[in-house]
Amino acid sequence: MTERSARFRALHHGDQPLLLPNAWDHASAAALAARGHPAVGTTSLGVAATAGRPDGTGSTAGETLALARRLATLAVLLSVDIEAGFSDDPAAVADYAAELAGLGVVGINLEDGRPDGTLADPGCVAAKVAAVKSAVPHLFVNARTDTWWLGVDDPLPQTLARARAYRAAGADGIFVPGTVDLATLRILTERIDAPVNALYQPGGPGLAELSAAGVARVSTGSLLFRAALGAALDAADAVRLGRPTAPAVLPSYAEVQALVPTAGA
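Under an unreviewed UniProt entry, the name given to the chain is 2-methylisocitrate lyase-like PEP mutase family enzyme, and the organism recorded is Micromonospora violae.

As structure tokens, this is what we get:
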């Protein structure tokens, strides 16, 4: 196991959950790293929307890889959202994950939701997990199950069954977006023998409450991307309507320039 991979794993076993903010381009990742976040993830929605493509359809393998290559220059631990692996072939998913690992990526998210709004067969997802772990044992595979996200009936038993299958295949963590109910999260963290990842929801429980429920990792998902997009729209409206435009914290031109590597670096 590499030293970077070991550090990333250790972040899932601290006194507080790992807060993993999700970036969508070099500037957002560099700014988050500069703010002191030891690890940064990517958001598939942000990457897809930036490229003018829909999220969750397996159409951004090239863009995701290109972004990982750019972010490899940053001194931050990087986890990459690869949707469902951009393929139904476990060997192809493993090859893609190995290419990311070769760039210095320490973790991936691999989901079981499908573009048609249904859940993939757990055996198929487990085969992808197993192939990735065989090819790149040190890569942290965060297996995401969309049982709550897609609103299936009676999601708890399905979630636990899928978590068992993905863990048996070698998954290092289990991501369950869509629920922040603390009682539910306590059940999940007690019955899943791996770090459980929750998706932060505005107005929902904070890090301290999620920590008390046993959550090991909290992701922001597309929240930061959507917040930035909303702030841009508000600023444009403010200019059009003649209102003050400066928010409480606005990075200067020079500060943004400083996030970009100098020519030849």
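Draft legend 1. Representation of the overall build of the chain. Scanning the chain from N- to C-terminus turns up 11 helices and nine strands. Dimensions of the chain, computed from the C-alpha atoms along their principal axes, are close to 55 × 45 × 40 Å. Here the chain holds 265 residues, and 44% of them are scored as buried. Across the chain, the fraction of contacts at a sequence separation of at least 24, relative to all contacts at a separation of at least 6, is 67%. For the chain, the exposed area adds up to about 12300 Å²; of that, 57% sits on carbon and sulfur atoms. Here the chain contributes 20 positively and 26 negatively charged side chains, and the mean placements of these two sets differ by 3 Å.

Draft legend 2. Just the sheet that holds strand 6 (residues 140-144), in detail. With parallel pairing, nine strands are arranged side by side in an open sheet as 1-9-8-7-6-5-4-3-2. Both outer strands of the open sheet, strand 1 (18-20) and strand 2 (22-23), are each paired with one neighbouring strand and no more. Against the sheet, helix 1 (residues 3-10) engages strand 1, strand 3 (39-42), strand 4 (77-81), strand 5 (107-111), strand 6 and strand 9 (217-219), with an angle of about 75° to strand 4.

Draft legend 3. Broad picture of the pairing of strand 8 (residues 196-199). Here strand 8 shows no split at all, with V196 and A198 on one side and N197 and L199 on the other all buried. Direction of pairing for strand 7 (residues 173-175) relative to strand 8: parallel, over a ladder of two bridges. For F175, the partnering residue across the bridge sits in strand 8 and is N197. A crossover connection joins strand 7 to the parallel strand 8 through helix 8 (residues 182-191); in handedness this β-α-β unit is right-handed.

Draft legend 4. Seen up close, the packing of aromatic side chains. Inspection of every chain in the model, using the stated rule, returns three aromatic pairs. Taking 5.5 Å as the distance between ring centres and 70° as the angle between the ring planes, the aromatic pair formed by W24 and F225 counts as edge-to-face. Here the residue W24 occupies a position in the loop between strand 2 and helix 2 (26-34), and F225 occupies one in helix 10 (residues 223-241), the gap between them amounting to 201 residues. Judged by its relative accessible area of 17%, W24 falls in the buried class. The exposure class of F225 is buried, given its relative accessible area of 12%. Seen from their ring centres, F86 and Y96 are 5.2 Å apart, and the 70° between their planes marks the pair as edge-to-face.

Draft legend 5. Local environment of helix 7 (residues 155-168). Relative to the 20 Å expected for 14 residues at 1.5 Å per residue, helix 7 spans 20 Å between its end C-alpha atoms, a close match to the ideal helical length. Within helix 7, burial applies to P155, T159, L160, R162, A163 and Y166. Summarising the contacts, the buried residues of helix 7 are in contact with helix 6 (122-135), strand 6, strand 7 and helix 8. In the segment just after helix 7, G170 is the residue with positive phi, at about 115°.

Draft legend 6. A look at the packing of helix 5 (residues 90-102) against helix 6. At a minimum axis distance of 8 Å, the contact between helix 5 and helix 6 shows a crossing angle of 45°. Taken together, the axis directions place helix 5 and helix 6 in an arrangement best described as oblique. Judged by the twist between their axes, the crossing of helix 5 over helix 6 is right-handed. Contact residues: helix 5 offers P90, V93, A94 and A97, while helix 6 offers A127, K128, A131, V132 and A135. In terms of residue class, the contact of helix 5 with helix 6 is made up of eight nonpolar, no polar and one charged.

Draft legend 7. Inspection of the side chain of S44 at higher detail. Of note, S44 is situated in helix 3 (residues 44-50). Among residues more than four places away in sequence, those in contact with S44 are D55, D81 and E83.

Draft legend 8. Spatial organisation of the environment of L229. Mapped onto the fold, L229 is located in helix 10. By relative accessible area, L229 is classed as partly exposed at 47%. Taking the C-alpha atoms as reference points, L229 and L78, separated by 151 residues in sequence, lie 23 Å from one another.

Draft legend 9. Molecular detail of empty space enclosed by the protein. This model, assessed by the stated rule, comprises one cavity of 30 Å³ or more. In this structure, the largest cavity spans a volume of roughly 30 Å³. Lining the largest cavity are L20, N22, G41, T42, S79, V80, D81, N109, R217 and S219. Elements with a minimum of two residues in the lining of the largest cavity: strand 3, strand 4 and strand 9. Counting residues per element, the lining of the largest cavity draws most heavily on strand 4, which supplies three residues. Among the residues making up the lining of the largest cavity, the classes are represented as two nonpolar, six polar and two charged.

About the thresholds
- Each residue is numbered by its place in its chain's sequence as written, counting from 1.
- Restriction of local features to residues with pLDDT of at least 70 applies here, the model being predicted, together with a cutoff of 80 or more for giving and counting side-chain atom pairs; totals for whole chains, interfaces and linings are based on all residues.
- Derived side-chain values reflect all non-hydrogen atoms in the structure, with water molecules and hydrogen atoms excluded from consideration.
- Counting from the N terminus, the helices are DSSP H or I runs at least four residues long and the strands are E runs at least two residues long.
- For each residue, the accessible area found with a 1.4 Å probe, counting protein chains only, is set against the maximum for its type, and the residue is called buried under 20%, exposed over 50%, and partly exposed in between.
- In what follows, a contact means two residues having at least one pair of non-hydrogen atoms within 4.5 Å.
- Here the open area of atoms and residues is found with the Shrake-Rupley method and a 1.4 Å probe, where only the protein chains shown may cover a residue.
- Here the positive residues are Lys and Arg and the negative ones are Asp and Glu; neither His nor the chain ends is included.
- Here the site of a charge means atom NZ of a Lys, CZ of an Arg, CG of an Asp or CD of a Glu.
- Two strands pair if DSSP finds at least two bridges between them.
- Angles here are taken between N-to-C directions and fall from 0 to 180 degrees, while the axes themselves are lines fitted to C-alpha atoms, restricted in helices to the stretch in contact.
- Orient the strands so they point away from the viewer, and a crossover whose first-strand-to-second-strand path over the helix runs clockwise is right-handed.
- Pairing of aromatic side chains here covers Phe, Tyr and the six-membered ring of Trp, requires ring centres within 6.5 Å, and sorts the geometry by plane angle: under 30 degrees stacked, over 60 edge-to-face, intermediate tilted.
- To estimate the expected span of a helix, count its residues, drop one, and scale the result by 1.5 Å.
- Angular relationships are summarised with four words: roughly parallel below 35 degrees, roughly antiparallel beyond 145, roughly perpendicular across 65 to 115, and oblique for the angles in between.
- By the definition used in this description, the sense in which the near helix is turned from the far one sets the handedness, with an anticlockwise turn below a right angle giving left-handed and a clockwise turn giving right-handed.
- When residue character is reported, Ala, Val, Leu, Ile, Met, Phe, Trp, Tyr, Cys and Pro are called nonpolar, Asp, Glu, Lys and Arg charged, and the others, Gly included, polar.
- Grid spacing is 1 Å over the protein atoms alone, the probe is 1.4 Å, and a cavity is where that probe fits but cannot get out, while a pocket is an open set with protein on both sides within 12 Å along at least five of seven lines and lining residues have an atom within 4 Å of a point.
- Grid points are joined across faces, edges and corners, and a volume is the space filled by probe spheres set on the points.

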